[in-house]
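Okay, here's what each chain looks like letter by letter:
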Amino acid sequence: PVARDFLEREESYVRDFMKSPPQTNETARSAGLACGFFWLPDRSPQPFHMLELGASAGLNLNWDRFAYDHAPWGRADLDGPRIPTRIDGAAPPWCDIGIASRAACDQNPLDVSSAEDRLRLRAYIWADQTARMERLNAAIDLARSTGVRPEKADAAEWVKRKLTGELPIGTTVIYHSVFFQYPPREVRQAIRDAIDEGGARTTGDRRLAWVRFEPNAVIGGPIEPVRYVLNVVSWNAGKRSEETLADVDPHGRFVKWTG
């Protein structure tokens, strides 16, 4: 009854609110992404230059400052949001990665310094998911303190611009989580083309990696069975390689390492 009364009383507000697609910005997915990032240093040079697509409010730009509550990593004492993801299998352990830069884009980036945008982020979490709400609030506080904000841009145009010219020394890491299913087919293809073109210009000390936490079917796998996977494509001196490293839960509840 409370919800019905609100919808009737605030119909205009609700209709306007729903014009923006939901942006859950699930911080627990960062555990799966981190596994991919920790897999890279043995295969690709540092420092890393992090580029996130479809970043919403950019909360996962701070993935290395989250408190991962997974014993082999031993990072549960950090000040960031507590990430309780269960990790099964021989996933790579926590390692120190030199990050030279962080940037992100979104068609409708949310600003954590805005009370209205913070309310919008909280509105996408079910009211009984208190642990998830606590993670979100901690991630918002962290993002407000770091000051890194996503840029308003089309992902295909943004990544093409970011990969124009000579790549920086180290590894440029493009990544996203449960994003690639949403852009139209032609935009997805434009993103692939831009990344492939950048990969063709890699050298031994200027590498490129594409870390994807996505439904398997969206990145070229079979439609059935439905799987969400952690997949990494990397380039070295123009040579492309690809490996699926883990099965992942879309809400970050588990990572099953298979790589």
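Scroll up to find the structure.
Remember, it's a predicted structure, so these values are computed and weren't measured experimentally.

Caption draft 1: Spatial organisation of the overall build of the chain. When helices and strands are tallied, the chain shows seven helices and 11 strands. For 259 residues, the compact-globule formula gives about 18 Å, and the C-alpha radius of gyration of the chain, at 18 Å, lands near that figure. Along the first, second and third principal axes, the C-alpha atoms of the chain reach 60 × 40 × 40 Å. Within the chain, the proportion of its 259 residues that are buried is 49%. Looking at the chain alone, contacts between residues at least 24 apart form 70% of all its contacts between residues at least 6 apart. Total accessible area on the chain is roughly 12,700 Å²; 51% of this is exposed by carbon and sulfur atoms. On the chain, the mean spot of the 34 positive side-chain charges and the mean spot of the 36 negative ones are 2 Å from each other.

Caption draft 2: Quick peek at the pattern of salt bridges. Within the structure shown, the criterion is met by 18 salt bridges. The partner of Glu242 in a salt bridge is Arg212, and the shortest N-O contact between them spans 3.3 Å. With Glu242 in strand 10 (residues 239-248) and Arg212 in strand 8 (residues 206-215), this residue pair connects regions lying 30 residues apart in the sequence. Exposure remark for Glu242: the relative accessible area of 42% places this residue in the partly exposed category. Since its relative accessible area comes to 3%, Arg212 is described here as buried. One continuous salt-bridge network, built from bridges that share partners, spans Asp196, Arg212, Arg240 and Glu242.

Caption draft 3: Expanded view of the packing of aromatic side chains. What the rule picks out here adds up to 10 aromatic pairs. Plain terms: the ring middles of Phe37 and Tyr175 are 5.1 Å apart, the flat faces sit at 80° to each other, and that makes the pair edge-to-face. Of this pair, Phe37 sits in helix 3 (residues 30-39) while Tyr175 sits in strand 7 (residues 170-177); the two residues are 138 residues apart in sequence, bridging distant segments of the chain. Accessibility assignment for this pair places Phe37 and Tyr175 in one class, buried. Here the aromatic rings of Phe179 and Phe180 are separated by 6.4 Å at their centres, their planes lie at 50°, and the arrangement is tilted.

Caption draft 4: Just unusual backbone geometry, in detail. For the bond from Gln46 to Pro47, the omega torsion is 5°, close enough to zero to count as cis. Along the polypeptide, Pro47 turns up in the loop between helix 3 and strand 1 (48-52). Look at the link from Glu224 to Pro225: it is a cis peptide, with omega at -5°. Structurally, Pro225 is set in the loop between strand 8 and strand 9 (228-236). The backbone of Asn25 sits at a positive phi, close to 50°, despite the residue not being glycine. Residue Asn25 is classed as buried on the basis of its relative accessible area of 10%. Its identity is not glycine, yet Ala237 carries a phi of approximately 55°, on the positive side.

The rules behind each value
- Residues numbered from 1 in each chain as written.
- Predicted model: local features only at pLDDT ≥ 70, side-chain atom pairs only at ≥ 80, totals over all residues.
- Heavy atoms only, no water.
- Helix = DSSP H or I, 4+ residues; strand = E, 2+ residues; numbered from the N terminus.
- Rg over C-alpha atoms; globule rule 2.2 N^0.38 Å.
- Buried < 20%, exposed > 50% of the residue type's maximum accessible area, 1.4 Å probe, protein only.
- Contact = heavy atoms within 4.5 Å.
- Areas by Shrake-Rupley, 256 points an atom, 1.4 Å probe, with all protein chains shown as cover.
- Lys, Arg positive; Asp, Glu negative; His and termini not counted.
- Charge placed at Lys NZ, Arg CZ, Asp CG, Glu CD.
- Salt bridge = Lys/Arg side-chain N within 4 Å of Asp/Glu carboxyl O.
- Phe/Tyr/Trp six-rings, centres within 6.5 Å; stacked < 30°, edge-to-face > 60°.

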